[in-house]
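Overview (structure and organization)
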Amino acid sequence: MELSEKARRMKEYFNAGGNSIKSEVMRIRAQHQEHQQHQEAHQQDVTSRNFDIRLNSVSDFKRCIGVQNEHGMCETHSIWFHCSFEQIELSDMARRMKECPNAGGNSVESEVMSFELFHRCFGAKLFQTEMEIAYDPRGGPMVDYTCEMFGVSVGVSVTRAMKYKAEFEKEDAEDLLRKKLKGLHRATQNAKDRWSKKVLHIWATSPDVAEKLTSEYKMLCEDESSTHLTSEVFIMVTVVNDEHHSMFKSPKRKKRGK
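Residues numbered from 1 in each chain as written. Predicted model: local features only at pLDDT ≥ 70, side-chain atom pairs only at ≥ 80, totals over all residues. Heavy atoms only, no water.

**A short note on the nonpolar core**
Phe81, Met113, Phe118, Phe122, Tyr145 and Trp203 are the most contacted members of the largest nonpolar core, which totals 41 residues. The biggest single contributor to this core is helix H4 (residues 108–122), with eight residues. (Core = buried A, V, L, I, M, F, W, Y, C linked by side-chain atoms within 4.5 Å. Buried < 20%, exposed > 50% of the residue type's maximum accessible area, 1.4 Å probe, protein only. Helix = DSSP H or I, 4+ residues; strand = E, 2+ residues; numbered from the N terminus.)

Next up, the structure:
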């Protein structure tokens, strides 16, 4: 069947367009595969009897801990706990933290699980628990524990990003970051023993809370007056898959060791 000149032009146009679309699809697919490979190279999945976790930016975290004057932000996608805190099979070092006296408060679970996560994922070794760290002067802010990661001594402060019976807002994220970073800075200055790096480990109730923390932290880094707070600090945000997890409750508890 003979085609008219107009019909032939239309056929050529659509054929050319089809090839162009096909090339564009292949280009986008290649970019997507490259992006996935890049992500996989920087991610680490950890599966244990206690929990499953996917960590982002593992290489960045290791670099920031090991390199002088580096700071950054690392957010874990989610952590799924398989059992209650009382049923978790803790490492010997985490069990030591649980059994040692602390400075009081209702943060025993978050502090112990913080170390357990760093131990399972990054091979952290516990140096000192909260009350074993000496300060001069005494009575100021304290870190929750010190440990070794990647051959570097680290002071770790642990906190929970949450708000009872209300939504956690951007202002809450800014207040929490400033308060904890100031405390971590002062504790490092006053400690008799020295550590090379500071880590602020934040347990978050949802990805939305983590996003607000990330956003406010970036703004804090751009504030020249806050450079002393963000220098030598790495912030890790761990999103707990269950916002009603016992970690985010505040029952009246006795101090550890009693």
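Read on for the rest.
**Focus on the pairing of strand S1 (residues 44–47)**
Relative to strand S2 (residues 51–55), S1 runs antiparallel, the two being bridged by four bridges. When the sheet's bridge partners are listed, Val46 is paired in S2 with Ile53. Count of turn residues in the S1/S2 antiparallel hairpin: three residues. (Pairing = 2+ DSSP bridges.)

**Considerations on the layout of surface pockets**
Looking at the second largest pocket, its volume works out to about 290 Å³. Met162, Lys163, Ala166, Thr205 and Glu243 are the residues nearest the centre of the second largest pocket, which is lined by 17 residues in total. Here the lining of the second largest pocket is built from residues that sort into six nonpolar, four polar and seven charged. (1 Å grid on protein atoms, 1.4 Å probe; cavity = no way out; pocket = protein on both sides within 12 Å on 5 of 7 lines; lining within 4 Å. Points joined across faces, edges and corners; volume = space filled by probe spheres on them. Nonpolar A, V, L, I, M, F, W, Y, C, P; charged D, E, K, R; others polar.)

**Description of the pattern of salt bridges**
Applying the stated criterion to the full structure yields twelve salt bridges. Between Arg96 and Glu132 there is a salt bridge, with its nearest N and O atoms 2.7 Å apart. One end of the pair, Arg96, is in helix H3 (residues 92–99); the other, Glu132, is in the loop between strand S4 (125–129) and strand S5 (145–149), with 36 residues separating them in the sequence. The class for Arg96 is partly exposed, based on a relative accessible area of 29%. (Salt bridge = Lys/Arg side-chain N within 4 Å of Asp/Glu carboxyl O.)

**Considering helix H5 (residues 170–190)**
Taking 1.5 Å of rise per residue, 21 residues should cover 30 Å, and H5 covers 30 Å from first to last C-alpha, within 8% of that figure. What H5 keeps buried is the set Ala173, Leu176, Leu177, Leu181, Gly183, Leu184, His185, Ala187, Thr188 and Asn190. Buried-residue contacts for H5 involve strand S6 (152–161), strand S7 (197–204), helix H6 (207–222), helix H7 (227–230) and strand S8 (233–240). (Expected span 1.5 Å × (residues − 1). Contact = heavy atoms within 4.5 Å.)

**A short note on the confidence of the model for the protein**
Close inspection of predicted coordinates is inappropriate in any region flagged by low pLDDT. Overall, the prediction assigns the protein a mean pLDDT of 83, with 78% of residues at 70 or greater. Of the regions scoring below 50 in pLDDT, residues 253–258 engages in 18 contacts with residues more than four places distant in sequence or in other chains. (pLDDT = per-residue confidence, 0-100.)

**Re the packing of aromatic side chains**
Here the structure, examined in full by the defined rule, presents nine aromatic pairs. Here the aromatic rings of Phe61 and Phe122 are separated by 4.6 Å at their centres, their planes lie at 40 degrees, and the arrangement is tilted. Of this pair, Phe61 sits in helix H2 (residues 58–66) while Phe122 sits in helix H4, and the two are 61 residues apart along the sequence. Taking relative accessible area as the criterion, Phe61 reaches 0% and is therefore assigned buried. Aromatic rings pair up to connect Phe61, Phe118, Phe122, Phe150 and Phe234 into one cluster. One residue, Lys98, lies across the ring of Phe85, its end atom 4.9 Å from the ring centre. (Phe/Tyr/Trp six-rings, centres within 6.5 Å; stacked < 30°, edge-to-face > 60°. Lys NZ or Arg CZ within 6 Å of the ring centre and 35° of its normal.)

**Some thoughts on the sheet that holds S2**
One open sheet holds the eight strands; their spatial order is S1-S2-S3-S8-S7-S6-S5-S4, and the pairing between them is mixed. Edge positions in the sheet fall to S1 and S4, since each has one partner strand and no second. Strand after strand, the sheet turns through a mean of 25 degrees between neighbouring axes, direction not considered. The sheet contact formed by S6 and S7 spans eight bridges and is parallel. Paired with Thr159 across the strands is Ile202, a residue of S7. (Axes fitted to C-alpha atoms, helices over the stretch in contact; angles between N-to-C directions.)

**Here's the deal with unusual backbone geometry**
The amide bond that connects Asp136 to the next residue, Pro137, takes the cis arrangement and shows omega of 5 degrees. Mapped onto the fold, Pro137 is located in the loop between S4 and S5. Positive phi outside glycine occurs at Phe150, with the angle close to 55 degrees. Tracing the backbone shows Phe150 in the loop between S5 and S6. A positive phi is found at Glu232, a non-glycine position, where the angle reads about 65 degrees.

**Describing the environment of Lys170**
Take Lys170: it is sitting in helix H5. Spatially, the C-alpha atoms of Lys170 and Glu211 are 9.4 Å apart, while their sequence positions differ by 41 residues. If near-sequence neighbours (up to four positions away) are discounted, Lys170 is found in contact with Lys212 and Glu216.

**Topic: the packing of H5 against H6**
Here H5 crosses H6 at 60 degrees, and the two axes come no closer than 9 Å. Relative to H6, the element H5 lies oblique. Taken as a pair, H5 and H6 cross one another with a handedness that is right-handed. Judged by residue contacts, Lys170, Ala173, Glu174, Leu176, Leu177, Arg178 and Leu181 of H5 engage Lys212, Leu213, Glu216, Tyr217 and Leu220 from H6. Each residue belonging to the contact of H5 with H6 can be placed in one class, and the counts come to seven nonpolar, no polar and five charged. (Parallel < 35°, antiparallel > 145°, perpendicular 65-115°, else oblique. Left-handed = near helix turned anticlockwise from the far one by under 90°.)

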